[in-house]
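Given next are the chains, with one letter for each unit.
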Amino acid sequence: MKIGYPCINESLPCTSSSTFRLASFSEERLLETTARNFACLENILEYNVAHNLLFFRMSSDLVPFASHKICTVDWQMHFKSTLEKIGRYIQNHGLRISMHPDQFVVLNSPKPEIVENSVRELVYQCEVMDLMQLESSAKLQIHGGGVYGDKPAAMQRFIETYALLPENVKNRLVIENDDRLYSLQDCLFIHEQTGIPILFDNFHHECLNNGEPMHEALALAAQTWQENDGILMMDYSSQALGERKGKHTDQIVEALFREFLLELRGLDLDIMLEIKNKEVSALKAVSIAREMGLLV
DNA sequence: GCCGGTCAAGGTCTT
DNA sequence: AAGACCTTGACCGGC
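Everything numeric here is computed off the predicted structure, so don't read it as measured data.

Definitions and cut-offs
Residues numbered from 1 in each chain as written. Chains lettered and ligands numbered in written order. Predicted model: local features only at pLDDT ≥ 70, side-chain atom pairs only at ≥ 80, totals over all residues. Heavy atoms only, no water. 1 Å grid on protein atoms, 1.4 Å probe; cavity = no way out; pocket = protein on both sides within 12 Å on 5 of 7 lines; lining within 4 Å. Points joined across faces, edges and corners; volume = space filled by probe spheres on them. Nonpolar A, V, L, I, M, F, W, Y, C, P; charged D, E, K, R; others polar. Axes fitted to C-alpha atoms, helices over the stretch in contact; angles between N-to-C directions. Helix = DSSP H or I, 4+ residues; strand = E, 2+ residues; numbered from the N terminus. Parallel < 35°, antiparallel > 145°, perpendicular 65-115°, else oblique. Left-handed = near helix turned anticlockwise from the far one by under 90°. Contact = heavy atoms within 4.5 Å. Buried < 20%, exposed > 50% of the residue type's maximum accessible area, 1.4 Å probe, protein only. Pairing = 2+ DSSP bridges. Right-handed = clockwise from strand over helix to strand, strands pointing away. Near = heavy atom within 4 Å. Polar contact = N/O pair within 3.5 Å; in protein donor to acceptor, adjacent residues only side chain to side chain. Disulfide = S-S within 2.5 Å.

Novice: What is the right way to read the layout of surface pockets from this model?
Specialist: One way to see where empty space is left: roll a probe the size of a water molecule over the atoms. Its volume calculated, the largest pocket comes out at about 1200 Å³. Forming the boundary of the largest pocket are 41 residues, of which His100, His143, His204, His248 and Glu274 lie nearest the centre. Here the lining of the largest pocket is composed, by residue class, of 13 nonpolar, 13 polar and 15 charged. Its volume calculated, the second largest pocket comes out at about 480 Å³. Lining the second largest pocket we find 19 residues, and of these Phe65, Ser67, His68, Phe104 and Glu121 sit closest to its centre. The residue makeup of the lining of the second largest pocket, split by class, is seven nonpolar, seven polar and five charged.

Novice: Looking at this model, I keep getting lost on the packing of helix H5 (residues 151-164) against helix H7 (residues 184-194). Mind explaining?
Specialist: For any two helices packed against each other, one specifies the crossing angle of their axes together with the interaxial distance. In contact at an axis separation of 10 Å, H5 and H7 are set at 40° when each is read in the N-to-C sense. Considering the angle they form, H5 stands oblique to H7. In the crossing of H5 with H7, the sense of the turn from one axis to the other is right-handed. Only Asp186, Phe189, Ile190, Gln193 and Thr194 of H7 make contact with H5, whose side of the interface consists of Lys151, Met155, Phe158, Ile159 and Tyr162. When grouped by side-chain class, the residues that make up the contact of H5 with H7 number six nonpolar, two polar and two charged.

Novice: Help me understand the pairing of strand S6 (residues 198-201) in this model?
Specialist: Remember that side chains alternate between the two faces of the sheet whenever the strand is regular. Residues of S6 alternate between two faces, with Ile198 and Phe200 on one and Leu199 and Asp201 on the opposite face, all of them buried. Inspection of the sheet shows strand S5 (residues 173-176) paired to S6 by two bridges, in the parallel sense. Paired with Ile175 across the two strands is Ile198, which belongs to S6. As a crossover connection, the stretch from S5 through H7 into S6 is right-handed. As judged from the two bridges shared by S6 and strand S7 (residues 232-236), these two strands associate in the parallel manner. Residue pairing across strands places Asp201 opposite Asp235, the latter belonging to S7.

Novice: Would you take a moment to explain unusual backbone geometry for this structure?
Specialist: Excluding glycine, a negative phi dihedral is what most residues carry, and trans is how most peptide bonds are arranged. For Asn52, which is not a glycine, the phi torsion comes out positive at approximately 60°. The residue Asn52 is located in the loop between helix H1 (27-50) and strand S2 (55-58) in this model. Of note in the backbone geometry, Lys278 takes a positive phi value of approximately 45° without being a glycine. Tracing the chain through its elements places Lys278 in helix H11 (residues 278-291). When its relative accessible area of 15% is taken as the criterion, Lys278 is described as buried.

Novice: What exactly am I supposed to notice about the protein's contact with DNA strand B here?
Specialist: The full set close to DNA strand B counts 16 residues, and Leu22, Gln103, Phe104, Val147 and Tyr148 are the nearest of them. Contacts to DNA strand B include Leu22, whose backbone N or O atom sits 2.7 Å from a phosphate oxygen. The contact in question runs from a phosphate oxygen of DNA strand B to an N or O atom on the backbone of Val147, over 2.4 Å.

Novice: What's the story with the side chain of His100 in this structure? I'm lost.
Specialist: Its place among the elements puts His100 in the loop between strand S3 (96-99) and helix H4 (112-131). A relative accessible area of 16% means that His100 is categorised as buried. For His100, the side chain forms a polar contact with the side chain of Glu176, separated by 3.4 Å. Once residues within four sequence positions are removed from consideration, His100 is found in contact with Arg57, Ser60, Gln125, Gln141, Ile142, His143, Glu176 and Glu274.

Novice: How should the sheet that holds S5 be read in this particular structure?
Specialist: Sheet strands pair via backbone hydrogen bonds, and the direction of the pair is either parallel or antiparallel. Pairing is parallel around the closed barrel formed by eight strands, whose spatial order is S1-S2-S3-S4-S5-S6-S7-S8. Here the average twist between neighbouring strands, direction ignored, is 30°. Where strand S1 (residues 2-6) and S2 come together, three bridges link them in parallel fashion. Across the sheet, the residue bridging to Tyr5 is Phe56, located in S2. The strands touched by helix H9 (residues 214-222) are S6, S7 and strand S8 (269-273); relative to S6, the strand with the most contacts, the crossing angle is about 160°.

Novice: Can you help me understand the state of the cysteines in this one?
Specialist: Here, disulfide denotes a covalent bond that connects the sulfur atoms of two cysteines. Using the criterion set out here, one finds one disulfide in the structure. Linked covalently through their sulfurs, Cys14 and Cys40 form a disulfide whose S-S length is 2.1 Å. The sign of the 75° torsion about the S-S bond sets the Cys14-Cys40 disulfide as right-handed. Of this pair, Cys14 sits in the loop between S1 and H1 while Cys40 sits in helix H1, and the two are 26 residues apart along the sequence. For Cys14, a relative accessible area of 23% corresponds to the partly exposed category. Free of any disulfide, Cys71 has its nearest cysteine sulfur in Cys126, 17 Å distant. Free of any disulfide, Cys207 has its nearest cysteine sulfur in Cys187, 14 Å distant.

Read these as spatial facts, not as claims about activity.
So, in structure tokens, the structure goes:
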């Protein structure tokens with residue numbers, strides 16, 4: 001088991017997702033910003049290794065506007081050795097890595113242009129991991145997309161678009177159950193048609209499910225991961241008390257996390273804490289998992 | 001320096 | 001039809 005947090009480390013004085021306005025785009029600005037982002041990423045990874053946080057989600061903004069038409073800069077060539085160096089560090093320390101394109105990546109949109117842009121974004125994020133020479137257990141997680149008033153047709157479009165993706169993207173792409181539209185069962189249907197592994201989100205599952213108890217849901221998701229995908233990845237969160245249903249808590253609720261770990265019943269997986277205070281909650285999660293004998 | 005409006009991108013739900 | 005919300009930090013212009 002590895003535990004981690006997404007993108008931002010609030011204890012460090014740097015960010016790996018600095019960007020700029022599209023209007024200020026220039027080759028120089030892009031290279032300068034990207035260099036700073038990768039330098040900060042190295043700092044974050046070192047912090048993570050020092051604190052036994054061995055699962056990390058890299059920011060989508062490492063290379064600002066990389067998938068935008070405005071960007072003709074050969075950042076791949078420019079940062080080749082930097083990326084290889086970071087990749088070796090990840091490999092040497094046994095870090096598990098993911099990336100999570102945001103809400104604008106929608107593979108099943110009825111609008112071809114949106115699908116094209118989405119694929120470009122996936123290709124960019126995949127390239128970052130490819131250039132780092134990460135194993136196929138480093139993943140790119142997306143949601144099912146929209147429903148557009150006809151879920152079977154929408155799922156069919158996802159399946160058809162998936163089949164057309166470049167091989168390297170397919171090797172890394174995983175689908176995550178969401179809290180309103182695509183349940184675990186929907187993801188399982190898509191998995192059966194495509195082979196795509198399911199990244200399990202416990203909190204989304206609490207919000208939207210078909211009655212599967214937590215352990216059963218975990219087991220169903222786990223069996224969609226093949227040998228070369230690595231073990232199951234999951235996002236962990238819980239409800240923010242007194243807030244709208246589906247709102248993430250801003251700090252880990254330790255009792256709930258303990259309860260959740262009991263549901264694993266020996267299942268091995270990597271846990272990403274999708275909680276606002278980032279590494280602080282992740283560190284608490286590490287100590288709880290240690291207490292319970294799930295982590296050394 | 002600090003503040004607050006704004007930022008590439010989508011979809012769903014409410015009014 | 002238009003606006004809010006999701007979720008979010010950081011940019012950037014205006015003071």
